[in-house]
Amino acid sequence: MQQRPGDPDWWRGAVIYQIYPRSFMDSNGDGIGDLAGITARLDYVAALGVDAIWISPFFTSPMRDFGYDISDYRQVDPIFGTLDDFDRLLARAHALGLRVLIDQVLSHTSDQHAWFTQSRASRHNEKADWYVWSDPLPDGTPPNNWLSIFGGSAWQWDSRRKQYYLHNFLGSQPDLNLHSPAVQAQLLDEVRFWLERGVDGFRFDVVNFYFHDQQLRDNPAWGTQRPRRDFSTPLSNPYSYQQHLFDKTQPENIAFLQRLRGLMNQYGATTSVGEIGDDDALAVMARYTSGGDKLHMAYTFNLLGDALSGRHIRSVVETVEEGIADGWPCWSIGNHDTPRVVSRMGGPAAAPELGNVLLALMLSLRGSACIYQGEELGLSEAEIAFERLQDPYGIAFWPDFKGRDGCRTPMPWESQSDYAGFSRTEPWLPMCPQHTPRAADVQQLQGDSVLNRSRQFLEWRKAQPVLRKGAIRLHDAPDSCVLLSRSDGDHILLGAFNLSAATVELARPFAAVSLEGHGMAGTLVGEMIVLPPYEAWFGAST
């Protein structure tokens, strides 16, 4: 058993850099990023000043959902390389001081997984109950009204068993039945395999989808009043019309998460990040991270919408603080499932500098944080023609919802190279022409670039322990701004953030002097904090 050395609480306040392998770096010229490409660019990641990387799925898969449909949990898909490539990546990351988290997709598999092949063969084999099967209603229709996030019913008919199977996503992603003790034991073994290989933790995909209501009760409708909804789905998706009381977030999940945490605790300084999409996601995050015996931390989609509003951000943070007790959030403003943050929150003509103030704000909240590849470059959402779409989600809901391809386009590394240095050949998704001038090599040479300002802020944050673990309080401010303080004993740090394109003046809530070195351009003039567009100011109490 490989014990992880170091502080077991290293993850509290840590910054995690998310890598989407298909689009990070292609080392072999096939147009698809791979593990060797990640290894080749790890020096760049380490230079950002982050603590860890999270690598999205690279396991064997038919790639209908680009790796989130796993057909073998223990093998690397050939398009990404080999297990030896992963071991080299892990060793290089550790040599650079980076921890490594990998995705684990435990709620469902590919329909090409050997488990499902056996399960669907008959109703009476060893794995017959490893997936969620149900007889049809007397009229042949599905057993209830549950919907798939990717469109249509969550039930797929199988002519072999003459039953329906549950799929919360694509029909080719059947849901595992975690009510089966054998399935739980097998999934824990899959996690153990990677712990033994040396990974430092996991990002658990759709962690509240593990269990379903065994009575298969219908979900009720929201009706005309929808005080809460799942921020992970667009309103154009009928999935958002239901209250998801029975298809996910079941009470049995708590005990399984405790088993998962118990396994991870055997390996020392590991960590876990759970993804939560739910009608009341903040409350679920509190339950799933409290007590020190379930997830280490979790993130929700509440800051992954398009609300560039100080009022909304304050509401989310205060709701978390009111309910999370000893739990721990992991903040995210962008990932591989949502449009890029500068476009999502600032519109198509948003200034790249918006990325700097949003990053500074996220890294000033109490909790840990995930940075999605390219946010440190201020990349905008790519526009992709329908004919080039790869994402089945976007194809199904086009044009009201264009899917996730716009945030998954290749990283721009070298502005003068073919395909911006990502690959020697046409990439799997087109290189966004607006990204090439923002390539890493260009920004490296610009002192005030989004990249260099991101690096400066991350380096400064390391010297501010109050920002990693201190308490937080939100103060009154205009809706275009966020004003917060972080405190640890007598040490109080004040942060002010302007999310608008206009200069704003704010009164200090208490006496504070300016702090330097963070790279943000706000100033203190007399008693007032003066914030230029998309800038921040930091001060310390006197």
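Above this text is the structure in question.
A brief structural summary.

Another aspect to go through is the overall build of the chain. Helices and strands together make up the secondary structure of the chain, namely 14 helices and 21 strands. Computed over its C-alpha atoms, the radius of gyration of the chain comes to 23 Å, within 12% of the 24 Å expected for a compact globule of 542 residues. Based on the C-alpha atoms only, the size of the chain along its principal axes is roughly 75 × 50 × 50 Å. When the 542 residues of the chain are sorted by exposure, 62% land in the buried category. Across the chain, contacts joining residues at least 24 apart in sequence account for 70% of those joining residues at least 6 apart. Roughly 19,400 Å² of accessible area belongs to the chain as shown, and the carbon and sulfur atoms make up 50% of that amount.

The next point concerns the sheet that holds strand β13 (residues 368-372). The eight strands are arranged β11-β10-β9-β5-β2-β1-β13-β12 in an open sheet whose pairing can be described as parallel. Edge strands, defined here as strands with exactly one partner in the open sheet, are β11 (297-300) and β12 (330-332). The average undirected angle you get between the axes of adjacent strands in this sheet is 25 degrees. Across three bridges, β12 lies against β13 in parallel orientation. By the bridge assignment, tryptophan 331 is partnered in β13 with alanine 369.

In this section: the packing of aromatic side chains. On inspection of all chains with the given rule, the structure shows 34 aromatic pairs. Considering the side-chain rings of phenylalanine 457 and tryptophan 460, the 5.5 Å spacing of their centres and the 45 degrees angle between planes classify their relative orientation as tilted. Separated by three residues within a single helix, phenylalanine 457 and tryptophan 460 lie in helix α13 (residues 450-462), roughly one turn from each other. Ring-pair connections join several aromatic residues into one group, and the members of that group are Phe150, Phe169, Phe209, Tyr393, Phe397 and Phe401. Here the basic side chain of arginine 12 rests over the ring of tryptophan 328, its NZ or CZ set 5.0 Å away from the ring centre. Its end group placed over the ring of tryptophan 130, lysine 127 keeps NZ or CZ at 4.6 Å from the ring centre.

On to the nonpolar core, then. Generally speaking, soluble globular proteins have nonpolar side chains that are buried together. Residues Tyr17, Tyr44, Ile53, Phe58, Trp194 and Phe204 are the most contacted members of the largest nonpolar core, which totals 123 residues. The contact partners of tryptophan 194, leaving out residues within four places of it in the chain, are Arg4, Phe58, Phe59, Tyr73, Arg74, Leu83, Phe86, Ile102, Gln104, Val199 and Phe202. Grouped together as the second largest cluster of nonpolar side chains are 16 residues, Trp11, Leu101, Val273 and Leu304 included.

Enumeration over the complete set of coordinates arrives at zero disulfides. A disulfide-free cysteine, cysteine 330 has its sulfur positioned 3.6 Å from the sulfur of cysteine 370, the nearest such atom. Note on cysteine 330: relative accessible area 2%, which makes it buried. The thiol of cysteine 432 is unpaired, and the distance to the nearest cysteine sulfur, on cysteine 407, comes to 12 Å.

Time to look at the pairing of strand β14 (residues 471-475). With five bridges connecting them, β14 and strand β15 (residues 481-488) associate as antiparallel partners. Following the sheet pairing, arginine 473 is matched in β15 by serine 485. Linking two consecutive strands that pair antiparallel, namely β14 and β15, is a turn of five residues.

What follows is about the packing of helix α7 (residues 281-289) against helix α8 (residues 310-323). Orientation of α7 relative to α8, taken along the N-to-C sense of each, is 35 degrees, at an axis distance of 9 Å. Judged by the sense of rotation from one axis to the other, the crossing of α7 with α8 is right-handed. On the side of α7, the interface is formed by Leu282, Met285 and Ala286, while α8 contributes Val316, Thr319, Val320 and Gly323. Each residue belonging to the contact of α7 with α8 can be placed in one class, and the counts come to five nonpolar, two polar and no charged.

This part is about unusual backbone geometry. For residues besides glycine, phi is generally negative; the peptide bonds are generally trans as well. Cis geometry is found at the peptide bond from tryptophan 398 to proline 399, where omega equals 0 degrees. Looking at the element boundaries, proline 399 is found in the loop between α11 (392-397) and α12 (440-444). Within the chain, valine 206 stands out as a residue other than glycine whose phi angle is a positive 30 degrees. With respect to the helices and strands, the residue valine 206 is situated in the loop between β9 (201-204) and α6 (252-265).

The rules behind each value
Residues numbered from 1 in each chain as written. Predicted model: local features only at pLDDT ≥ 70, side-chain atom pairs only at ≥ 80, totals over all residues. Heavy atoms only, no water. Helix = DSSP H or I, 4+ residues; strand = E, 2+ residues; numbered from the N terminus. Rg over C-alpha atoms; globule rule 2.2 N^0.38 Å. Buried < 20%, exposed > 50% of the residue type's maximum accessible area, 1.4 Å probe, protein only. Contact = heavy atoms within 4.5 Å. Areas by Shrake-Rupley, 256 points an atom, 1.4 Å probe, with all protein chains shown as cover. Pairing = 2+ DSSP bridges. Axes fitted to C-alpha atoms, helices over the stretch in contact; angles between N-to-C directions. Phe/Tyr/Trp six-rings, centres within 6.5 Å; stacked < 30°, edge-to-face > 60°. Lys NZ or Arg CZ within 6 Å of the ring centre and 35° of its normal. Core = buried A, V, L, I, M, F, W, Y, C linked by side-chain atoms within 4.5 Å. Disulfide = S-S within 2.5 Å. Left-handed = near helix turned anticlockwise from the far one by under 90°. Nonpolar A, V, L, I, M, F, W, Y, C, P; charged D, E, K, R; others polar.

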